[in-house]
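Residues per chain are reported as follows:
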Protein chains: 2
Amino acid sequence: MKKIFFAFLVLGSLQSLANTDSLFIRKIYDEALVQGKCYENLRTLCKNIGARITGSAEAKMAIKWGHDLLQSYGFDNVYLQEIKVPHWERGNPEAGWIMNEAGELSKLNILALGGSVSTEGLLEGEIILVQTVEDLEKIGLENIKGKIVFFNEPFDQAQINTFKAYGACVDQRWIGASKAVFFEAKAVIIRSMAQSTDEHAHTGSMHYEEGVTKIPAAAISTVDADKIVEWLKNGKVFLKMEMDCRFFPDEISYNVIAEMTGHEDDDIITFGGHLDSWDAGEGAHDDGAGIVHSIEAIRILNKLNYFNNHTLRCVLFMNEENGNFGGKYYAEIASENKEKHICAIESDRGGFLPIGFDIQGTPEQVEMVQQFRNLLFDFELYKFEPGYSGVDIRPLLQHYPEMVQLGMVINSQEYFDYHHAETDVFESVNRRELELGSAAMAAMIYLMDKTL
Amino acid sequence: MKKIFFAFLVLGSLQSLANTDSLFIRKIYDEALVQGKCYENLRTLCKNIGARITGSAEAKMAIKWGHDLLQSYGFDNVYLQEIKVPHWERGNPEAGWIMNEAGELSKLNILALGGSVSTEGLLEGEIILVQTVEDLEKIGLENIKGKIVFFNEPFDQAQINTFKAYGACVDQRWIGASKAVFFEAKAVIIRSMAQSTDEHAHTGSMHYEEGVTKIPAAAISTVDADKIVEWLKNGKVFLKMEMDCRFFPDEISYNVIAEMTGHEDDDIITFGGHLDSWDAGEGAHDDGAGIVHSIEAIRILNKLNYFNNHTLRCVLFMNEENGNFGGKYYAEIASENKEKHICAIESDRGGFLPIGFDIQGTPEQVEMVQQFRNLLFDFELYKFEPGYSGVDIRPLLQHYPEMVQLGMVINSQEYFDYHHAETDVFESVNRRELELGSAAMAAMIYLMDKTL
């Protein structure tokens, strides 16, 4: 009898805890959807600052904007964390043309890949089509030498999750130039890492492997890529292009941080996105959305007077796109300062409909997060599977292998129509979907803070 | 021992059945995403035909388009089902202005509600704000008499599912005029049934209750609605408007039908959307998407040589928007012909990301559909809850109360930015999300055909 009574008590108190959680999460959503600030914050970031590649004047303005905005919400602690970052600039807009043997000429939509060297004036050469990086070997030195390699691996449309399609062919962008140089290519152009066939070039980072000759590398639009393939059926195709890009010495920059100090201990839950973007478009989905998600999440928890157990730390990371030095320094400084990191959450998959969280952790940690399923189902969050967290927070795992990390999962279908392209502007973000992302992040921070 | 052996056999065959299903569904998705036709079909419907309100020349062209397209795919049976429909026309574009006592004047974005009478020339009057239909009583005859009632009930932004927000205030559009006339209003204007604050008027159907005086009714944009509220704070606001709309005699129209005859019996699984649209925009999401989802679903099943047990019937319903006579006749003719209807599936919630199916049926039928959850989870379909099926297929239930009905559930966040407005154009639809909708419908038809 006693036992049964006790069981009732426990069940009752678990039930009432679940009710408390449920009510609080509903309040989070009400605040985000009815009184939300994230959409107007994103408008300001996109329209008053714009694209903000690491080292640019816009990146500096974005740091000031983030700092001032977080300060205006009245947190315990708002500060800049000094880091060292690379500084690459596109310079003059690129120009490119293709020509065939019949004398036809067509202008290309072209963007240098981030980190590429310039062409040092006009570069000319014959194009050799190499479908994938793996095909270099097959086509061979004798056919590639002195030519411009054209990597043309498209997205696999059959993939349901478009990040998987991206991951399967992004090597052409990242290491294409380093591999092609062994076959004495003079430059590389790649098919844009885009989901659709359209006229926009999509940039993104590339790198040169240690010691290789640095040859220019650029992305062309998928429409232009298809055109080259067509032209090649009728004979040789030649390219002329000019790119003005260059590196400057590393410089000082900052992660922007705001905290709500923990009431129970000094364990830290980090959440954030990245403040830098590529220099095409306005960095609205990548990752203006993650920035305003994170700022809004901490604003909401503060506004609702949430009495947090652990320290909640909102981080606007700098330099995710070309080096990830914001994330790396953040982890190193944390370790040096002997901070206690128990959890990190990242939003870096756009401002579309949030559908869940990928969980990077042990099976027990995965199970812990999956217990929130029922609480979050009514808010259309249902995907809680083992997976990848995020580029910015990932370096923490080196120092804190026992922490749990979460990556917000967001409807991925449209993401690669905008990613790293001039199309990634404020107007491509829907207000409600953005607000739901903020609420999802705030709800998850709340649940992790209560549970860990 | 035997029992155990038998159990293994059964488990084994269940397992292999599940594998067969899983492989076939993967093929459906491959066809939709890699060789899909629905996006280009939607482009043709939107750009070559355009908005297609019942009775219009465009509606007639849409019938021909649907019939010819289905015939080109080589089905057993493609035919037109004759029905009788109402015929209402907007006539000349509406014009409307507000004026205040200070002599300020502002042009309105205004659309007559579908089914409204005209203003018979320029109509003028003082505006009286009545927030909701329920408030008429509170404000009373003495304040309303001779004035133009302005219903201004906004969407509840806190609702996660925007269809619920819509449902909660759509009465102002549907019966606002009929209720206001009892308080001797001379006309009504309503706040557009829109999720966001923007400059577009959203039309939609209204009706006059039997015997009431018919007064003109129009929707104004949410921006204009907010402006009137602001102006009313400083004194009286007057409206001038002109609407040219009128009814013509009922006329003959058609549902368009294509069938794959059942190999096992003559039970029928119906699936479809509606071919008519409102006359603003291009009816891309509402319901061009449902039309091309349905056409693509039957094309895919046919292309994959699916050996269907029951008759699969794709129906492009006419006249959902203002009368639903396509759906009503379809059900009546089915009953008269003693057809055997076991299931119906509708897509009429836009071309955004599909997330599941609402199930209208008994608890056993709900459970039957929910068993598909695991099979469909990898395709990001997870919501299988009791709910509403669709306007077009609903009348079948009167005659076939034991059938199961499904309504495809689609991410609702953006829907009411486009619904019944000039913004509902082809460009607002994402190719991949549309294709996923087609695949989801085909997969569900397949599963129901195998299971029922």
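Residues numbered from 1 in each chain as written. Chains lettered and ligands numbered in written order. Predicted model: local features only at pLDDT ≥ 70, side-chain atom pairs only at ≥ 80, totals over all residues.

**Student:** Would you explain the overall build of chain A in this entry?
**Tutor:** Assigned secondary structure in chain A consists of 16 helices and 16 strands. Relative to a compact globule of 452 residues, whose C-alpha radius of gyration would be 22 Å, chain A shows 24 Å and is just as compact. On the principal axes, the C-alpha backbone points of chain A span a range of 90 × 45 × 40 Å. Residues counted as buried form 54% of the 452 residues belonging to chain A. (Helix = DSSP H or I, 4+ residues; strand = E, 2+ residues; numbered from the N terminus. Rg over C-alpha atoms; globule rule 2.2 N^0.38 Å. Buried ≥ 20, exposed ≤ 12 C-beta atoms within 10 Å, placed from the backbone.)

**Student:** Even after reading the chapter, I still don't get the relation of the copies chain B and chain A, so can you show me in this structure?
**Tutor:** Put simply, the second copy of the chain is the first one after a rotation about an axis and a shift along it. Screw-axis analysis of chain B against chain A gives a translation of 0.0 Å along the axis, an RMSD of 0.0 Å, and a rotation angle of 180°. Classification of the inter-copy transformation places it as that of a two-fold axis. When C-alpha distances to the rotation axis are compared across chain B, the minimum falls at tyrosine 382 of chain B, with a value of 3.8 Å. Taken as a fraction of all interface residues of chain B, those also at the interface in chain A reach 100%, which identifies the copy contact as same-surface. (Least-squares fit on C-alpha atoms with pLDDT ≥ 70 in both. Contact = placed C-beta atoms within 7 Å.)

**Student:** What is the right way to look at unusual backbone geometry in this model?
**Tutor:** With the exception of glycine, most residues fall at negative phi, and the peptide bonds are largely trans. Residues and elements named next belong to chain A. Put simply, aspartate 286 and aspartate 287 share a cis peptide bond, and its omega is 0°. The topology assignment puts aspartate 287 in helix H10 (residues 284–303). The backbone phi angle of glutamate 120 is positive, close to 55°, even though this residue is not glycine. Relative to the helices and strands, glutamate 120 is located in the loop between strand S4 (110–112) and strand S5 (123–130).

**Student:** Any chance you could explain the pairing of strand S10 (residues 246–260) of chain A here in plain terms?
**Tutor:** Note on strand geometry: in a regular strand, side chains alternate between the two faces of the sheet. As judged from the 12 bridges shared by strand S1 (residues 77–89) of chain A and S10 of chain A, these two strands associate in the antiparallel manner. Each residue of the ladder has a partner; that of isoleucine 83 of chain A, found in S10 of chain A, is serine 253 of chain A. (Pairing = 2+ DSSP bridges.)

**Student:** Is there a simple way to think about the interface of chain B and chain A in this case?
**Tutor:** Interface size is commonly expressed as the accessible surface area that is lost when the partners come together. The interface is formed by 21 residues belonging to chain B together with 21 residues belonging to chain A. Within the residue set of the side of chain B that touches chain A, elements represented by two or more residues are helix H1 (2–34) and helix H16 (431–451) of chain B. Residue contributions to the side of chain B that touches chain A peak at four residues, all from H1 of chain B. In terms of residue class, the side of chain B that touches chain A is built from eight nonpolar, six polar and seven charged. (Nonpolar A, V, L, I, M, F, W, Y, C, P; charged D, E, K, R; others polar.)

**Student:** What is the right way to look at the environment of phenylalanine 155 of chain B in this model?
**Tutor:** All names here are of chain B. Mapped onto the elements, phenylalanine 155 comes out in the loop between strand S6 (148–151) and helix H6 (162–169). Taking the C-beta count within 10 Å as the criterion, phenylalanine 155 has 20 such neighbours and is therefore assigned buried. Once the C-alpha coordinates of phenylalanine 155 and tyrosine 166 are considered, the two residues, 11 residues apart in sequence, prove to be 6.3 Å apart. When neighbours within four sequence positions are excluded, phenylalanine 155 is seen to be in contact with Ala165, Tyr166, Cys169, Gln195 and Phe416.

**Student:** Any chance you could explain the confidence of the model for chain A here in plain terms?
**Tutor:** Predicted coordinates in areas of low pLDDT are best not read in detail. For chain A, per-residue confidence averages 96 on the pLDDT scale, and residues scoring 70 or more make up 96% of the total. The low-confidence segment residues 1–7 of chain A, where pLDDT is below 50, has zero contacts with residues more than four positions distant or belonging to other chains. (pLDDT = per-residue confidence, 0-100.)

**Student:** Would you explain the domain arrangement of chain A in this entry?
**Tutor:** Residues and elements named next belong to chain A. Examined at the domain level, chain A breaks down into domain 1 (23–86 + 249–451) and domain 2 (93–246). For domain 1 and domain 2, the distance between their C-alpha centres works out to 33 Å. In this assembly, 14 residues from domain 1 lie in contact with 18 residues from domain 2. Grouping the constituent residues of the side of domain 1 that touches domain 2 by class yields five nonpolar, six polar and three charged. (Domains from an automatic or database assignment.)

**Student:** When you look at helix H11 (residues 325–336) of chain B in this model, what are you seeing that I'm missing?
**Tutor:** Along an α-helix, residues three or four positions apart point the same way, because every turn accommodates 3.6 residues. End to end, H11 of chain B covers 16 Å across 12 residues, agreeing with the expected 16 Å (1.5 Å per residue, within 8%). Among all positions in H11 of chain B, only Phe325, Gly326, Gly327, Tyr329, Tyr330, Ala331 and Ala334 of chain B are buried. (Expected span 1.5 Å × (residues − 1).)

**Student:** Sorry, what's going on with the sheet that holds strand S16 (residues 404–410) of chain A here?
**Tutor:** The pairing of strands in a sheet happens through backbone hydrogen bonds and is either parallel or antiparallel. Residue and element names in this part refer to chain A. The eight strands are arranged S1-S10-S12-S11-S13-S16-S14-S15 in an open sheet whose pairing can be described as mixed. Either end of the sheet is taken by a strand with one partner, and the two such strands are S1 and strand S15 (383–386). The mean angle between the axes of side-by-side strands here comes to 20°, regardless of whether they run parallel or antiparallel. With six bridges joining them, strand S11 (residues 267–274) and strand S13 (residues 340–346) adopt parallel strand pairing. Each bridged residue has a counterpart across the sheet, and for isoleucine 268 the counterpart in S13 is histidine 341. Those strands touched by helix H3 (residues 57–72) are S1, S10 and strand S12 (311–317), and its axis lies near 5° from that of S10. (Axes fitted to C-alpha atoms, helices over the stretch in contact; angles between N-to-C directions.)

**Student:** Looking at this structure, I do not really get the sheet that holds strand S14 (residues 354–360) of chain B. What am I missing?
**Tutor:** Residue and element names in this part refer to chain B. Pairing is mixed in the open sheet, where eight strands are placed in the order S1-S10-S12-S11-S13-S16-S14-S15. Only two strands of the sheet have a single partner each, and these edge strands are strand S1 (77–89) and strand S15 (383–386). Averaged over all pairs of adjacent strands, the angle between their axes in this sheet comes to 20°, without regard to strand direction. Note that strand S11 (residues 267–274) and strand S12 (residues 311–317) share seven bridges and pair parallel. Residue pairing across strands places histidine 274 opposite phenylalanine 317, the latter belonging to S12. Packing against the sheet, H11 makes contact with S1, strand S10 (246–260), S11, S12 and strand S13 (340–346), and its axis sits at approximately 135° to S1. Where helix H12 (residues 363–370) meets the sheet, it contacts S14, S15 and strand S16 (404–410), and its direction lies at approximately 155° from that of S14.

**Student:** So what exactly am I meant to see when it comes to the environment of leucine 45 of chain A here?
**Tutor:** Residue and element names in this part refer to chain A. Among the structural elements, leucine 45 can be located in helix H2 (residues 38–49). Separated by 238 residues in the primary sequence, leucine 45 and glycine 283 have C-alpha atoms spaced 8.9 Å apart. Among all residues touching leucine 45, those that are not within four sequence positions of it are Ala62, Trp65, Gly288, Ile291 and Val292.

**Student:** Sorry, what's going on with the pairing of S12 of chain B here?
**Tutor:** Residue and element names in this part refer to chain B. A large share of S12 lies buried, amounting to seven of its seven residues. Residues Thr311, Arg313, Val315 and Phe317 line one face of S12 and the alternating positions Leu312, Cys314 and Leu316 line the opposite face, and both faces are buried. Here five bridges tie S10 to S12, and the two strands are oriented antiparallel to one another. Across the sheet, the residue bridging to methionine 260 is leucine 312, located in S12. For the handedness criterion, the β-α-β arrangement of S11, helix H10 (residues 284–303) and S12 is classed as right-handed. (Right-handed = clockwise from strand over helix to strand, strands pointing away.)

**Student:** Just checking my understanding: could you explain the packing of helix H2 (residues 38–49) of chain B against H10 of chain B for this structure?
**Tutor:** All names here are of chain B. Contact geometry of H2 with H10 gives a least axis separation of 9 Å together with a crossing angle of 135°. Taken as axis vectors, H2 and H10 run oblique relative to one another. Judged by the twist between their axes, the crossing of H2 over H10 is right-handed. Contact residues: H2 offers Cys38, Asn41, Leu42, Leu45 and Cys46, while H10 offers Ala284, Gly288, Ala289, Ile291, Val292, His293, Ile295 and Glu296. Broken down by class, the residue content of the contact of H2 with H10 amounts to nine nonpolar, three polar and one charged. (Parallel < 35°, antiparallel > 145°, perpendicular 65-115°, else oblique. Left-handed = near helix turned anticlockwise from the far one by under 90°.)

**Student:** Where do I start with the packing of H10 of chain A against helix H16 (residues 431–451) of chain A in this structure?
**Tutor:** A pair of packed helices is characterised by two quantities: the angle between their axes and the separation of those axes. All names here are of chain A. Between H10 and H16, the shortest axis-to-axis distance is 8 Å and the interhelical angle comes to 55°. Relative to H16, H10 is oriented oblique. As H10 runs across H16, the sense of the crossing is right-handed. Across the interface between the two elements, Ala289, Val292, His293, Ser294, Glu296, Ala297, Ile300 and Leu301 of H10 pack against Leu434, Gly437, Ser438, Met441, Ala442, Ile445 and Tyr446 of H16. For the contact of H10 with H16, a count of residues per class yields 10 nonpolar, four polar and one charged.

**Student:** For this particular structure, what's the right way to read the environment of leucine 447 of chain B?
**Tutor:** All names here are of chain B. Structurally, the position occupied by leucine 447 is in helix H16. A residue is classified by how many C-beta atoms lie within 10 Å of it, and leucine 447, with 19 of them, is partly exposed. Note: C-alpha distance between leucine 447 and aspartate 21 (426 residues apart in sequence) is 7.9 Å. Those residues in contact with leucine 447, other than ones at most four positions away along the chain, are Asp21 and Phe372.

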